[in-house]
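Structural features, examined
Chain by chain, the residues:
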Amino acid sequence: MKLGSHLVPGGVHFAVRAPDAARVELCLFANSQETRIPLEREGEIHAATVPGIAAGQPYGFRAHGDWAPTQGRFFDPAKLLVDPYAKLLDGCFQYHPGLREPGQDTALWVPKAVVTPMLPVAPAPPPLLKRGGLIYELNVRGFSFRHPDIPPAQRGTIAALAHPAIVAHFQKLKVSAIELMPVVAWIDERHLPPLGLHNAWGYNPVVPMALDPRLAPGGIEELRSTVAALRQAGIGVILDLVLNHTGESDIAGPILSLRGLDNRCYAQAADGSLINDTGTGNTLNAAEPAVHALIVESLRHFAGCGVDGFRFDLATVLARGPDFDPHAPIFDAIARDPLLRDRILIAEPWDIGPGGYQLGKFPPGWLEWNDRYRDDVRRFWRGDSRTAGALATRMMGSSDIFSGVTSRSVNFIAAHDGFTLADLVSYAAKHNDANGEANRDGQDQNYSWNNGVEGPSDDAGIVNRRRTDLKALLSTLFVSRGTIMLCAGDEFGRTQKGNNNAYAQDNEMTWLDWLGRDTELEDFTAGLASLRARSLAAQAADFVGTATWCDLSGNAMTSDGWDAASLQGFEVHIPMNGHSVLIIRADQKTRTLTIRLSE
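Below is a short write-up of the structure. All values derive from a computational prediction rather than experimental measurement.

1. Here we look at the pairing of strand S3 (residues 23–30)
Within S3, 6 of the 8 residues are buried, which leaves it mostly tucked inside the rest of the structure. Taken together, the 6 bridges between S3 and strand S7 (residues 58–64) define a ladder with antiparallel strand orientation. Considered in S7, the bridge of Leu26 is made with Phe61. Across 6 bridges, the pairing between S3 and strand S4 (residues 33–38) is antiparallel. Bridge assignment links Ala30 to a residue of S4, and that residue is Gln33. Where S3 folds back on S4, the antiparallel hairpin that results is connected by 2 residues, among which Asn31 adopts a positive phi of roughly 55°.

Structure below.
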């Protein structure tokens, strides 16, 4: 039986999974009035066809049964529950302490699912992103919220991404595909509202398919039309999906959907306690058939919008059972699905659970975020000794991690999580006091440096050194083999004032400053993008098989020379098409990476 709400002749069919509930009620809302209709049980499914209603009908569920949280049962008919298969919500999630309190009715605080027509299913067009291309990661709200050319009503939305001024910026940078940080509806973590803070990133979703109304006031059609407009401009769209946990958090978290309907969906230890491989209080159990089916349905739903593919947050969770399995059924299901099998699939190949670091272990067709590239590039340009060999390996595609003839590495130096590129060369330590956790949150080991002064500086020498460092970092990224990723705003020097965990800063700290951007650095980045597109595109993803390696004095490198403490750089000569040779010189002493083509 198909789950969710579906239009049928004369009405709507509703079906929800709640295997341990005594009974489930469908709740229909109209003019602030709620009508409750008992659902009929068919095994683990509760369902009913309701005549006389149509698309646009708001609804939710209430589940009856035992209230025994320590035994994994959270049934409370006072809690309005969102359909896990909802495609549209009539409002945003807002945290309230009553969402957890037994007996407290939550209908006023929980958005309602809305009945929608089924989208036509058609094969998705071939992805525009090819291996070796440029992915541009962005936060939908923060990206355009301060852009002067975007109409005020459209700022911070998905629709703004198709504005001519934004498209022109993507094209200037030769972007292959933009990667949208989570766009489905999320809820603030419960500790944020008392601090006057709000989740700015969206990595705390409740249901996996309903877009957040703040980002997509036009619903799924807004996403579809934006994807189509960008595709016409030669730019693909990748969605960052969070399918490893939900915003219902730990045992003291809010009861919003799955927890009140089907708590079996969350991974639990033998004693019934929630497994926390995500660091967010709960972990979705992808080995559970119901979760597996919900994940696949979510992917198909968004593939139907024409997106190039998906980036999976904490992707190791997808293949846990409880240990990571590189041959997990979810991988096979995606590979066999006619709508999904040719989509771009990108893993963040780790979680915080035991055995959670799995870089290089995902299926051959997957790309993977490469944090070893990030760290080795940072350490070399910071000036750490014995890092030249590691840099050379990372720049050439990380063949020590990825087998085959084509690199599966997604190379990045900065992403949404961590320091911005400009802050990387301006702060030796994190400055996260604005997050209200006494600077305890965020990563401590950042391989960053400040060039003599922590934070902003008016000293011309320091400013110039930082600019030189930024250009070396950007140049390294754009000549590296594999797919590369640039975080929005890093091309023009965005700063978060040293905050390396700005997830709770929905304010000017994370909203891009378009008027104050460094246009000279932006033009430099665009030049690198043109060089990559013009001279490196055909080979950008392939491992280099024939190359000549030299030290900075021009002497041929030997295998035992790479780890010498005195080695502060190298030259690599790579044969290109015709008789030209690409020469890349990484010089740690002068903090410069130079690129030239030689006949």
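2. Considering the pairing of strand S6 (residues 45–51)
Among the 7 residues in S6, 5 count as buried, and that is most of the element. Taking the residues between adjacent antiparallel strands as the criterion, strand S5 (residues 40–42) and S6 are bridged by 2 residues, where Gly43 takes a positive phi near 70°.

3. Structural notes on the packing of helix H7 (residues 371–382) against helix H8 (residues 388–395)
Angle between the axes and distance between the axes are the two parameters that describe a pair of packed helices. Running from amino to carboxyl end, H7 crosses H8 at an angle of 135°, the nearest separation of the two axes being 9 Å. By the angle class used here, H7 and H8 are oblique. Crossing hand, H7 versus H8: left-handed. From H7, Arg372, Tyr373, Asp376, Val377 and Phe380 reach across to H8, where they touch Ala388, Ala390, Leu391, Arg394 and Met395. Looking at the contact of H7 with H8 residue by residue, the classes come out as 7 nonpolar, no polar and 3 charged.

4. Looking at the packing of aromatic side chains
In total, this model carries 24 aromatic pairs according to the counting rule given. Ring centres 5.7 Å apart and planes at 65° place the aromatic pair Trp562 and Phe570 in the edge-to-face group. Accessibility classification places Trp562 together with Phe570 in one group, the buried group. These aromatic residues form a ring-pair network of at least three members: Phe310, Phe312, Phe324, Phe331, Phe362 and Trp366. The side chain of Lys112 reaches across the aromatic face of Phe29, ending 5.0 Å from its centre. Just above the ring of Trp186 sits the side chain of Arg214; from NZ or CZ to the centre is 4.6 Å.

5. Section: unusual backbone geometry
With an omega dihedral of -5°, the bond running from Gly321 to Pro322 counts as a cis peptide bond. Here Pro322 lies in the loop between strand S14 (309–312) and helix H6 (329–336).

6. Observations regarding the pattern of salt bridges
Evaluation of the coordinates by the stated rule reveals 44 salt bridges. Measuring nitrogen to oxygen at the nearest pair gives 3.0 Å for the salt bridge that ties Asp250 to Arg190. A residue pair is termed long-range when its members are at least 10 positions apart, and Asp250 in the loop between strand S13 (236–241) and helix H4 (258–261) and Arg190 in the loop between strand S12 (177–180) and helix H3 (219–232) qualify at 60 residues. Judged by its relative accessible area of 31%, Arg190 is partly exposed. Of the charged contacts, one joins Glu221 and Arg224 as a salt bridge, the two residues approaching to 3.8 Å between their closest N and O atoms. With Glu221 and Arg224 both in helix H3, this residue pair falls 3 residues apart, about one helical turn. Three or more residues joined by partner-sharing salt bridges are found here, namely Arg17, Asp20, Glu44, Asp262, Arg264 and Glu288.

7. A look at helix H2 (residues 164–172)
Restricting attention to buried positions, one finds in H2 the residues Ile166, Val167, His169 and Phe170. Seen from one end, H2 has its buried residues packed into an arc of 155°, which puts them on one side. Following H2 by one or two positions, Lys174 adopts a phi angle in the positive range, close to 60°.

Conventions adopted
- Residues numbered from 1 in each chain as written.
- Predicted model: local features only at pLDDT ≥ 70, side-chain atom pairs only at ≥ 80, totals over all residues.
- Heavy atoms only, no water.
- Buried < 20%, exposed > 50% of the residue type's maximum accessible area, 1.4 Å probe, protein only.
- Helix = DSSP H or I, 4+ residues; strand = E, 2+ residues; numbered from the N terminus.
- Pairing = 2+ DSSP bridges.
- Axes fitted to C-alpha atoms, helices over the stretch in contact; angles between N-to-C directions.
- Parallel < 35°, antiparallel > 145°, perpendicular 65-115°, else oblique.
- Left-handed = near helix turned anticlockwise from the far one by under 90°.
- Contact = heavy atoms within 4.5 Å.
- Nonpolar A, V, L, I, M, F, W, Y, C, P; charged D, E, K, R; others polar.
- Phe/Tyr/Trp six-rings, centres within 6.5 Å; stacked < 30°, edge-to-face > 60°.
- Lys NZ or Arg CZ within 6 Å of the ring centre and 35° of its normal.
- Salt bridge = Lys/Arg side-chain N within 4 Å of Asp/Glu carboxyl O.
- Arc of directions from axis to C-beta.

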